[in-house]
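The residues making up each chain are set out below.
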Amino acid sequence: MSKQNSIITNRPESTQDQKSIYNKKGKLKESFYTKEMIKLQIELLKLQNWVKNTSKKIVIIMEGRDGAGKGGTIKALSEHLNPRGCRIVALQKPTEVEKSQWYFMRYISTLPSGGEIVFFDRSWYNRAGVEKVMGFCTQEEYKQFIYQVSNLEQMLISSGIILFKYFLNVNQDEQKRRIKNRKTDPLKMWKLSPIDSKSLQLWDEYSEVFEKMFSRTHTPYAPWIIVDSNDKKLARINIARDILSKIDYEGKNPTKVCLLADPNIIHPYSQNGY
C-alpha cells in the first residue's frame, strides 16, 4: 500500500481527496497536518489527565539519526500539555563527576514521578550510537551498557513506568539537506554541532552500530519502534497515533480521531532491515 493511500484508508473519511492531503512533492500539506495534529493533541491532553489522575508514569524516548526531527516531534507532541506534568530531558555532555559515576545514574535522576510524562530527546542510548561511533566510550563501557540496559528497562517497567522507544530514520540525501539547512537558517543554527557535520561522512558506521543496538536491545517488553521521518509531519502524526493507540486512557474516542498508525511509516524493528 502506498503512503498516499494508507493515510486515507486508515482514516474514517476514507474518500477524502488525496490532493487535499499531499502537495505536489508528495509531502503532507500544512493545512491537513494542522487539523489532524490538533485532534491528536486533544487526545494527548486526555492521556495526560489520565496519567495525573492515576499517578501513572510514562517515558517516551526519541532516538534517531542526526537531523531526523527528534526535537521537533517532541515539541509537537508536548506543545499543549500541562508543563507541570510534562518534562523534556535533553542532557548536555556529562561532567567529569558524572563520567566517574555509574553510566545510567544521571538519567535515572530525571525519570518521572507519579503523574508525569517525560520525553527524552536522546537518552541512555547515546552510548550505543554517537559515543560508540565517535570513540567517546571504551569498548568495555559499551559492552557493559549492552549487558545492563535491557535489564534496567525491565526494572523500570516492573516499577510501573510505561516505556516507549522510537527511532526516527531518514535517508542519506534528506539528512544532508536538513543539516545543510541548519548552516544557513539563523533560526536553526543553534541545532548544528560539530558531530552533525561528521555524521554525514559516517553514514555506514552509524548504520552498523544502530543495527547492533536494535538487535541487542529490542525486547518484547521494550521494543524499538522505527519511524520513517523523511516527512516530518507524517512522522509526528503517526507517533502520536501509536502512543495513543497503546494506552486505554479515560475519554478515548477512536471513532472521532484516527488512532491507527500507518505501518508503512511506523513499525517494530525487524532484523530483515530497520
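This text goes with the structure placed above it.
Keep in mind it's a predicted model, so treat the numbers as computed, not measured.

Colleague: What exactly am I supposed to notice about the sheet that holds strand E6 (residues 266-268) here?
Modeller: Whenever strands of a sheet pair, they do so through backbone hydrogen bonds, lying parallel or antiparallel. The strand order across the open sheet formed by six strands is E2-E3-E1-E4-E5-E6, and the pairing between neighbours is mixed. If you trace the sheet from one side to the other, it starts and ends with strand E2 (86-89) and E6, each paired once. Strand after strand, the sheet turns through a mean of 20° between neighbouring axes, direction not considered.

Colleague: Honestly, the nonpolar core in this entry has me stumped. Any pointers?
Modeller: A general trend in soluble globular proteins is that nonpolar side chains are found buried together. In terms of nonpolar packing, the biggest core is built from 42 residues, with Leu-47, Ile-60, Leu-77, Tyr-166 and Ile-239 touching the most fellow members. Listing elements by their share of this core, those giving two or more residues are helix H2 (30-54), strand E1 (57-64), helix H3 (70-78), strand E3 (116-121), strand E4 (161-169), strand E5 (224-228) and helix H11 (232-245). Beyond its immediate chain neighbours, meaning those up to four positions away, Ile-60 contacts Ile-117, Val-118, Phe-119, Phe-120, Phe-164, Tyr-166 and Ile-243. Residues Ala-128, Leu-156, Ile-161 and Tyr-269 belong to the second largest nonpolar core, which totals 34 residues.

Colleague: Before we go on, may I ask you to explain helix H8 (residues 172-184) in this structure?
Modeller: Two residues of an α-helix separated by three or four positions point the same way, owing to the 3.6 residues in each turn. Under the 1.5 Å per step criterion, the end-to-end length of H8 is 19 Å for 13 residues, consistent within 8% with the ideal 18 Å. All buried positions along H8 are accounted for by Glu-174, Gln-175, Arg-178, Ile-179 and Arg-182. Axial view of H8: buried residues confined to an arc of 125°, hence all on one face. Set apart from the buried face of H8 by more than 90 degrees, the exposed residues are Asp-173, Lys-180 and Thr-184. Among the residues of H8, the N-terminal cap falls to Asn-171, whose side-chain oxygen and the backbone nitrogen of Asp-173 are separated by 3.3 Å.

Colleague: Looking at this structure, how should I read the pairing of E3?
Modeller: Remark: a regular strand shows side chains that alternate across the two faces of the sheet. Extensive coverage of E3 is indicated by the burial of five of its six residues. Pairing of E1 with E3 involves six bridges; the strand directions are parallel. The residue of E3 that forms the bridge with Ile-58 is Ile-117. Where E2 meets E3, four bridges bridge the pair, whose relative direction is parallel. The residue of E3 that forms the bridge with Ile-88 is Phe-119.

Colleague: Explanation requested: unusual backbone geometry in the structure shown.
Modeller: Generally, phi is negative for residues other than glycine and the peptide bonds are trans, each holding for most cases. The residue Ser-55 is not glycine, and still its phi comes out positive at about 55°. Position of Ser-55 relative to the elements: it lies in the loop between H2 and E1. With a phi close to 70°, Arg-122 is a non-glycine residue in the positive phi region. Relative to the elements of secondary structure, Arg-122 occurs in the loop between E3 and helix H6 (130-134). With relative accessibility at 23%, the residue Arg-122 sits in the partly exposed group.

Colleague: Even after reading the chapter, I still don't get the layout of surface pockets, so can you show me in this structure?
Modeller: Using a probe with the size of a water molecule, rolled over the atoms, empty space left in the structure can be pinpointed. In this structure, the second largest pocket occupies an estimated 220 Å³ of space. Around the second largest pocket, the lining residues are Glu-30, Tyr-33, Thr-34, Met-37, Ile-38, Gln-41, Gly-72, Lys-75, Ala-76, Glu-79 and Arg-236. Counting only elements with at least two residues in the lining of the second largest pocket, the list comes to H2 and H3. With six residues, H2 is the single largest residue contributor to the lining of the second largest pocket.

Colleague: It is not clear to me how H2 should be interpreted in this structure. Could you clarify?
Modeller: Look at H2: 35 Å from first C-alpha to last across 25 residues, which is about the 36 Å you get at 1.5 Å a residue. Considered for burial, the residues of H2 that qualify are Phe-32, Tyr-33, Glu-36, Met-37, Leu-40, Gln-41, Glu-43, Leu-44, Leu-47, Gln-48, Trp-50 and Val-51. Of the residues flanking the end of H2, it is Ser-55, one or two places downstream, whose phi is positive at about 55°.

So, how was this worked out
- Residues numbered from 1 in each chain as written.
- Predicted model: local features only at pLDDT ≥ 70, side-chain atom pairs only at ≥ 80, totals over all residues.
- Heavy atoms only, no water.
- Pairing = 2+ DSSP bridges.
- Helix = DSSP H or I, 4+ residues; strand = E, 2+ residues; numbered from the N terminus.
- Axes fitted to C-alpha atoms, helices over the stretch in contact; angles between N-to-C directions.
- Core = buried A, V, L, I, M, F, W, Y, C linked by side-chain atoms within 4.5 Å.
- Buried < 20%, exposed > 50% of the residue type's maximum accessible area, 1.4 Å probe, protein only.
- Contact = heavy atoms within 4.5 Å.
- Expected span 1.5 Å × (residues − 1).
- Arc of directions from axis to C-beta.
- Polar contact = N/O pair within 3.5 Å; in protein donor to acceptor, adjacent residues only side chain to side chain.
- 1 Å grid on protein atoms, 1.4 Å probe; cavity = no way out; pocket = protein on both sides within 12 Å on 5 of 7 lines; lining within 4 Å.
- Points joined across faces, edges and corners; volume = space filled by probe spheres on them.

These results come straight from atomic positions and should not be treated as a statement about function.
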